[in-house]
Amino acid sequence: MSERRTILCGWLAAVYLSLFVNISQAQDWQSLSDSERRLLQNFETRWSQLSEDRREQLLRGARRWSEMNPEQRQEARQQYKRWQDIPRERRAQLRDSYRRFMDLPEEERQRIREARKRFRQMPPQQRKQLREQWEKDKRGRTENRERRNQRERRRRERQERRRQRREETERT
């Protein structure tokens with residue numbers, strides 16, 4: 001039993017060390033493969049200043065790019081170009097929406113994905129009607145919110161006038 005335990009501990013140590021060596025190598029620019037260095041050449045001068053997470057993220061992207069065929073790379077370039085053409089403020093909104101989506105529980109994200117898929121499968125006219133109904137409902141919600149805000153503002157103004165009258169009455 002002791003021999004088996006020694007072998008198991010040795011094996012676990014070897015796995016742990018190999019993982020550690022791979023991680024530490026990922027942090028050293030010179031330890032990257034030629035293709036990784038070529039893909040990441042814009043980061044060479046600041047590679048050592050990047051956080052470990054950022055370096056790992058860049059390496060995963062470089063490896064993913066290396067595994068793509070020419071058509072996939074072309075599609076990725078087009079998607080990136082479309083992303084760059086979006087105004088900065090809109091990109092920030094999209095990033096925020098994505099973060100909020102990713103913060104949802106998996107079941108909720110799956111429900112949203114399925115609803116989007118159903119929407120995409122609708123005929124164009126039905127999608128248009130649904131969008132128009134959503135816009136109409138949105139306008140109604142906005143108008144209701146504005147009416148509530150106006151009522152609340154008037155209520156606060158009345159309270160303020162009463163308070164001022166009380167203070168005037170107390171002074172006299």
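Look a little higher up for the structure.
Residues numbered from 1 in each chain as written. Predicted model: local features only at pLDDT ≥ 70, side-chain atom pairs only at ≥ 80, totals over all residues. Heavy atoms only, no water.

### Notes on the overall build of the chain
Then comes step 1: From N to C terminus, the chain includes 7 helices and 0 strands.
Then comes step 2: Counting every position in the chain, which comprises 172 residues, the buried fraction comes to 10%.
Then comes step 3: Considering only contacts in the chain between residues 6 or more positions apart, those separated by 24 or more positions represent 17%. (Helix = DSSP H or I, 4+ residues; strand = E, 2+ residues; numbered from the N terminus. Buried < 20%, exposed > 50% of the residue type's maximum accessible area, 1.4 Å probe, protein only. Contact = heavy atoms within 4.5 Å.)

### A word on the pattern of salt bridges
For side chains bearing opposite charge, pairing can occur when the charged atoms are close.
Then comes step 1: On inspection of all chains with the given rule, the structure shows 13 salt bridges.
Then comes step 2: Here Asp 34 makes a salt bridge to Arg 37, at a shortest N to O gap of 2.5 Å. With Asp 34 and Arg 37 both in helix H2 (residues 34-39) and 3 residues apart, the pair spans about one turn of that helix.
Then comes step 3: The class of Arg 37 is partly exposed, set by a relative accessible area of 21%.
Then comes step 4: Close ionic contact of Glu 75 with Arg 82 constitutes a salt bridge, the shortest N to O distance being 3.5 Å.
Then comes step 5: When salt bridges with common partners are traced through the structure, they connect Glu 106, Arg 109 and Arg 113 into a single cluster. (Salt bridge = Lys/Arg side-chain N within 4 Å of Asp/Glu carboxyl O.)

### A look at the nonpolar core
Then comes step 1: By size, the foremost hydrophobic cluster in this structure holds 9 residues: Trp 29, Leu 32, Leu 40, Phe 43, Trp 47, Leu 50, Leu 58, Leu 59 and Ala 62.
Then comes step 2: When residues no more than four places from it in sequence are discounted, the contact partners of Leu 58 are Leu 40, Phe 43, Trp 47 and Leu 50. (Core = buried A, V, L, I, M, F, W, Y, C linked by side-chain atoms within 4.5 Å.)

### Examining the packing of aromatic side chains
Then comes step 1: Applying the stated criterion to the full structure yields 1 aromatic pair.
Then comes step 2: With 5.4 Å between their ring centres and 65° between their planes, Trp 29 and Trp 47 make a pair best called edge-to-face. Taken together, the residues span a long stretch of sequence, with Trp 29 in the loop between helix H1 (2-27) and H2 and Trp 47 in the loop between H2 and helix H3 (52-67) at a distance of 18 residues. Each of the two residues, Trp 29 as well as Trp 47, counts as buried. (Phe/Tyr/Trp six-rings, centres within 6.5 Å; stacked < 30°, edge-to-face > 60°.)

### Notes on helix H4 (residues 70-85)
Then comes step 1: Here H4 spans 23 Å end to end across 16 residues, near enough to the 22 Å set by a 1.5 Å rise per residue.
Then comes step 2: Structurally, the start of H4 carries an N-cap: the backbone nitrogen of Glu 71 is 3.0 Å from a side-chain oxygen of Asn 69. (Expected span 1.5 Å × (residues − 1). Polar contact = N/O pair within 3.5 Å; in protein donor to acceptor, adjacent residues only side chain to side chain.)

### Describing the environment of Glu 75
Then comes step 1: Relative to the helices and strands, Glu 75 resides in helix H4.
Then comes step 2: Using a relative accessible area of 36% as the deciding quantity, one classes Glu 75 as partly exposed.
Then comes step 3: One polar contact links Glu 75 to Arg 82, side chain to side chain, over a distance of 3.5 Å.

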